[in-house]
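Spelled out, the chains give:
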Amino acid sequence: MLRRIGASRQAVADRLRIGVLRQLLRSRLGLHLARAVLGRGPAPKPYQRVAADFFLQLAAGAYADRRARVVWANIFMPPELFWGLGLAPFFPETWAGLGSSLGLSRLGVERSEALGYPVELCTFHRSSAGLAAAGLYPRADAYVATSSVCDVAGQMLAGYAHASGRPFYFVDVPQADDEAAVDYLAAQLRELVECWEAQLGFTFDPERLRQAVHLSNQARKLALEVAALREAQPAPLRGSGMMDQLAMVTSIFGHPAGVAYYRALRDYAAERVQRAEPEQANQRVRLYWMHLGPYFATELFPHLEDDLGGVITFEELSSVWWDELDEDEPLRSLARKMVAHFLIGPVERRIEVALGQVARYRCLGAIHFSHWGCRQSSGALHVVRNRLRKEGVPLLVLDGDCVDPDNLQLGPLRTRVEAFMEMLV
Amino acid sequence: MRRDAPAGQTVGLFSSQLPRELLYALGCIPVRVFPSAPKPTAAEAFVPRNFCALSRLILASFLENGQAGLDAAVFSDEDDATRRLYDVWRACVPVPAWGFVEVPRSASGLAVGRYTSILGQLAAQLEGRAGRSLSAAALQQAIRVYNEQRQLLSQARQRWLAARVDTSTYRRLRRLALTQDPLAANLALREALDETNLPGEPFVPGPAPRLLLLAELAAPAGLVRLVEERGARVVAEDSDLDERGSTEPILTEIRTVDDGLAALARAYLSAPPGPRMRDLPRRLAQLARLVAERGVQAAICAYSKFCDLYLAEYPAVRAHLEGLGVPVLLLELEDDAISGQQRTRVEAFLETVQAQTAGAGSAGRGGRGGRRAETDRR
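Residues numbered from 1 in each chain as written. Chains lettered and ligands numbered in written order. Predicted model: local features only at pLDDT ≥ 70, side-chain atom pairs only at ≥ 80, totals over all residues.

S.K.: Is there a simple way to think about the overall build of chain B in this case?
M.R.: When you go through chain B residue by residue, the secondary structure sums to 12 helices and nine strands. For chain B, whose C-alpha radius of gyration is 21 Å, the value lies close to the compact-globule estimate of 21 Å for 378 residues. The dimensions of chain B, computed from C-alpha atoms along their principal axes, are 65 × 50 × 40 Å. The proportion of buried residues among the 378 residues of chain B is 55%. A separation of at least 24 residues holds for 72% of the contacts in chain B among residues at least 6 apart in sequence. (Helix = DSSP H or I, 4+ residues; strand = E, 2+ residues; numbered from the N terminus. Rg over C-alpha atoms; globule rule 2.2 N^0.38 Å. Buried ≥ 20, exposed ≤ 12 C-beta atoms within 10 Å, placed from the backbone. Contact = placed C-beta atoms within 7 Å.)

Right, here's the structure in full:
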């Protein structure tokens, strides 16, 4: 009986929270208020303020602007394309991560089960489906997904499009990264732009796309400077604080905020290096972090970093993997950026990037956080581990969940991290 | 039709969209890789426990049985699991991987052009391995052999639907066609058809509940036996084994190798789509066609556990089939065996369908009531 009352209270609380959030996200005033509050919050770092402002702008575009053409996309679509076409992108995976940090993932996962999504699927996508069903995601005018890296994203977006009757375009990304692959992909991007012009009712402005590519190049240059500053010993930035870089890398390039964000981050890191004031005081063992980490609050990182002195010097998914884009051939250079991703193709591409970064950041070991349901990242860890070991780099694999706190067993993870650190010290 | 080459090397494939004709024209015997291990235990040291159960089972089969009759394997860009299987395979399986083929996910002119060029690259790669050059004549001959096989399989399907061939024999023939030298398989198909040499008749639905099975490679034989023992009749199987195979004859008027490769690319990309194509409208239309043509009354999705493409598509498939009045049961399988719990769920599902069918029968036709799907959760 008591349990039933508790569950019922929880359901009421969830409904209230959803209702408030829904209203907040869809109201221009609510978003302005949130921006103001964030801007005056408890001393956020300058780059965090830029990031928060950018995501609130993103939310304003997707949720509150009725004239905006909202396109749902997976995170492997180049963001420059959206900004260059004047579209409002919405990345369900990214917002599932954000939802997790707001304590909404349990709700999302439960809702998705009711929709028929099997529990074996990645929780980013299940949570997304649930949050969308709860009305926490904005409307979509069109959907787009790439075939690269993650199987589930394309399937989910195709499903959403089918259910809503809105157009869906699937970008088939080659596994090779040669010029023929770039030709094939660039032709699809051209076709996609033509489709969107017809479906969403706008005229393609090449100058606007060129400008987005120009901004992307500027941000890239600054991001590379940040990566260089992170080589310093002691490491200037706390690695756990950089886990959200994937969200930035996959959404902010091509937007003016991208330049502001990486400039602020570069300046912040440079200042830390110059003053020899690292964010993390206890620095004993330099580590390379592979894949993602939990988006919700967990004791895992404070234990690794502060108690044990593990220094996450760089994260695999913070990598800027692409060459400078050609402003004269924007679509073609975006295609080149897409096929150049190190998670596409055989696992050796990923391993080479890992070994290069381990050497660059002078790491003694690597940790792979295997997110539940992510087959592409964890499927070939046997090969990754053996190759890293051959090069003298031990790899610790931690099984957990980035989104669902119920699927993260902290006790065993702590023990494994402790044993790994003892071995490295 | 005779091959003008000595018995070639047996090459394993992992996709229904990789043209077998190409390998056959180069003197190889292309076979689809089926798992033989009963359990994935041997694969556990190499891939995570939450990795596609079918891929784990295939890997375990080769870890346990070594080469298992294969001289080489050609991988393709099916899904995340196949990509990672390719990585792990090269590290631990004693069968050389001759290549990794990117199969486009569209049948557009652009994709066909891309696939034609990829097949050309594969041919060049295989010429070195097989020790012979690809000629237009050899390709034409290979296409004829497989066209004959398609025709024989279509006839076998008609006989099966007309209940002149039982389901296990029909499925054995289809598997034979995927796993044997095509000339030997065609001979076996002809012999089997001769034994049931009666004029073809249109399918007339019988009184048993008619089932659609959905699977990746093939529905487990144990499941097919179980449903038929319980009085249901399998009338369609949306899997690589059956409905997703390329069925239309491929153009044989080939003047150049490029002509042949383009014809193959077009035909294989236009075959009934699986979930990897992310073409939900076309895929659902294919399922709706099966439901209408075969009088399907219920469906069982027999998917491998952790097989993302199928599991992520499942809610859309379920909603669509339910909209057509076809209830759906989802089974997530660890291996080819049907567990006691799954057996119970299948039996309960069939009882409900049978009761519904009987009710509809007594109240006249049109009683497919669109009941809620049952989902196996383990």
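Having seen the model, we can carry on.
S.K.: It is not clear to me how the packing of helix 4 (residues 109–130) of chain B against helix 9 (residues 257–270) of chain B should be interpreted in this structure. Could you clarify?
M.R.: Packed helix pairs are characterised by how far apart their axes lie and by the angle those axes make with each other. Residue and element names in this part refer to chain B. One way to put it is that helix 4 packs onto helix 9 with a least axis distance of 8 Å and a crossing angle of 125°. Taken together, the axes of helix 4 and helix 9 are oblique relative to one another. Both helix 4 and helix 9 take part in a crossing whose hand is right-handed. From helix 4, Ala 111, Val 112, Tyr 115, Thr 116, Leu 119 and Gly 120 reach across to helix 9, where they touch Asp 258, Leu 261, Ala 262, Leu 264, Ala 265, Arg 266 and Leu 269. (Axes fitted to C-alpha atoms, helices over the stretch in contact; angles between N-to-C directions. Parallel < 35°, antiparallel > 145°, perpendicular 65-115°, else oblique. Left-handed = near helix turned anticlockwise from the far one by under 90°.)

S.K.: Would you explain the sheet that holds strand 6 (residues 310–315) of chain A in this entry?
M.R.: Strands in a sheet are paired, the pairing made by backbone hydrogen bonds, and the direction either parallel or antiparallel. All names here are of chain A. Overall, parallel pairing links the four strands, which are arranged 6-5-7-8 in an open sheet. Two strands lie at the open edges of the sheet, namely strand 6 and strand 8 (395–400), each paired on one side alone. Pairwise comparison of adjacent strand axes, ignoring direction, gives a mean angle of 30° for this sheet. Sheet topology note: the strand 5 (residues 285–291)/strand 7 (residues 365–371) ladder contains five bridges and is parallel. The residue of strand 7 that forms the bridge with Tyr 288 is Ala 366. Lying on the sheet, helix 17 (residues 381–390) is in contact with strand 7 and strand 8; it crosses strand 8 at an angle near 155°. Packing against the sheet, helix 18 (residues 410–424) makes contact with strand 5, strand 6, strand 7 and strand 8, and its axis sits at approximately 170° to strand 8. (Pairing = 2+ DSSP bridges.)

S.K.: What should I look at first to understand the nonpolar core in this one?
M.R.: Considering soluble globular proteins, one finds that nonpolar side chains tend to be buried as a cluster. One finds Tyr 261 of chain A together with Leu 211, Ala 299, Cys 301 and Ala 302 of chain B to be the most contacted residues of the largest nonpolar core, which totals 269 residues. Ignoring any residue separated from it by four or fewer positions in sequence, one finds Cys 301 of chain B in contact with Leu 214, Tyr 314, Val 317, Val 328, Leu 330 and Leu 331 of chain B. (Core = buried A, V, L, I, M, F, W, Y, C linked by C-beta atoms within 7 Å.)

S.K.: Quick question: what am I supposed to make of helix 5 (residues 136–161) of chain B here?
M.R.: Within an α-helix, residues lying three or four positions from one another point in the same direction, as the helix has 3.6 residues per turn. If you check helix 5 of chain B, its first and last C-alpha atoms are 37 Å apart, about what 26 residues at 1.5 Å a residue would give, namely 38 Å. Just past helix 5 of chain B, the residue Ala 163 of chain B takes up positive phi, approximately 65°. (Expected span 1.5 Å × (residues − 1).)

S.K.: Explain the confidence of the model for chain B here, please?
M.R.: Parts of the prediction with low pLDDT should not have their coordinates interpreted in detail. Residues and elements named next belong to chain B. Averaged over every residue, the pLDDT of chain B is 91; the share at 70 or more is 90%. Overall, residues 1–6 carries pLDDT values under 50, and its contacts beyond four positions in sequence, including any with other chains, amount to six contacts. Counting contacts from residues 364–378, a segment whose pLDDT is below 50, to residues more than four positions away or on other chains yields 33 contacts. What the predictor reports for the complex is a pTM of 0.93 with an ipTM of 0.93. (pLDDT = per-residue confidence, 0-100.)

S.K.: When you look at the interface of chain A and chain B in this model, what are you seeing that I'm missing?
M.R.: The extent of an interface is frequently quoted as the accessible surface area lost upon association of the parts. The interface of chain A with chain B comprises 38 residues on the first partner and 41 residues on the second. Where the side of chain A that touches chain B is concerned, the elements lending two or more residues are helix 8 (151–164), helix 9 (179–201), helix 16 (375–378) and helix 17 of chain A. Residues belonging to the side of chain A that touches chain B are distributed by class as follows: 18 nonpolar, 16 polar and four charged. (Nonpolar A, V, L, I, M, F, W, Y, C, P; charged D, E, K, R; others polar.)

S.K.: Please clarify how the sheet that holds strand 1 (residues 70–73) of chain A should be interpreted in this entry.
M.R.: Residues and elements named next belong to chain A. Strand order in this open sheet of four strands is 2-1-3-4, and the pairing throughout is parallel. Of all strands in the sheet, those bounded by a partner on one side alone are strand 2 (88–90) and strand 4 (168–171). Put simply, the sheet's adjacent strands are angled 25° from each other on average, direction ignored. Pairing of strand 3 (residues 142–146) with strand 4 involves four bridges; the strand directions are parallel. Residue Ala 145 lies in a different strand from strand 4, and its bridge partner there is Phe 170.

S.K.: I would appreciate a short explanation of helix 11 (residues 308–323) of chain B in the present structure.
M.R.: Residues and elements named next belong to chain B. If you check helix 11, its first and last C-alpha atoms are 23 Å apart, about what 16 residues at 1.5 Å a residue would give, namely 22 Å. The buried count for helix 11 comes to 12 of 16 residues, which makes it a mostly enclosed element. Taken together, the buried positions of helix 11 are occupied by Asp 308, Leu 309, Tyr 310, Leu 311, Ala 312, Glu 313, Tyr 314, Pro 315, Ala 316, Val 317, Arg 318 and Leu 321. Where helix 11 terminates, the next one or two residues include Gly 325, which has phi positive at roughly 85°.

S.K.: It is not clear to me how the pairing of strand 6 (residues 233–238) of chain B should be interpreted in this structure. Could you clarify?
M.R.: Side-chain direction in a regular strand flips from residue to residue, so the side chains alternate between the two faces of the sheet. Residue and element names in this part refer to chain B. Along strand 6, five of the six residues are buried, which leaves the element largely enclosed by surrounding structure. Pairing analysis gives five bridges linking strand 5 (residues 210–214) to strand 6, with the strands arranged parallel. For Leu 214, the partnering residue across the bridge sits in strand 6 and is Asp 238. Between the parallel elements strand 5 and strand 6, the chain passes through helix 8 (residues 221–229) in a crossover that is right-handed. (Right-handed = clockwise from strand over helix to strand, strands pointing away.)

S.K.: Got a minute to help me understand the packing of helix 6 (residues 105–115) of chain A against helix 7 (residues 123–133) of chain A in this structure?
M.R.: Residues and elements named next belong to chain A. Between helix 6 and helix 7, whose axes approach to 6 Å, the crossing angle comes to 85°. Relative to helix 7, the element helix 6 is oriented roughly perpendicular. Contacts from Ser 105, Leu 107, Gly 108, Val 109, Glu 110, Arg 111, Ser 112 and Leu 115 in helix 6 reach Thr 123, Arg 126, Ser 127, Ser 128, Ala 129, Gly 130, Leu 131 and Ala 133 in helix 7. Looking at the contact of helix 6 with helix 7 residue by residue, the classes come out as six nonpolar, seven polar and three charged.

S.K.: Whenever I open this one, the environment of Ser 16 of chain B confuses me. Can you help?
M.R.: Residues and elements named next belong to chain B. The topology assignment puts Ser 16 in the loop between strand 1 (10–13) and helix 1 (20–25). Sequence separation between Ser 16 and Glu 216 is 200 residues, and the spatial gap between their C-alpha atoms is 10 Å. Among residues more than four places away in sequence, those in contact with Ser 16 are Asp 240, Arg 244, Gly 245 and Ala 271.

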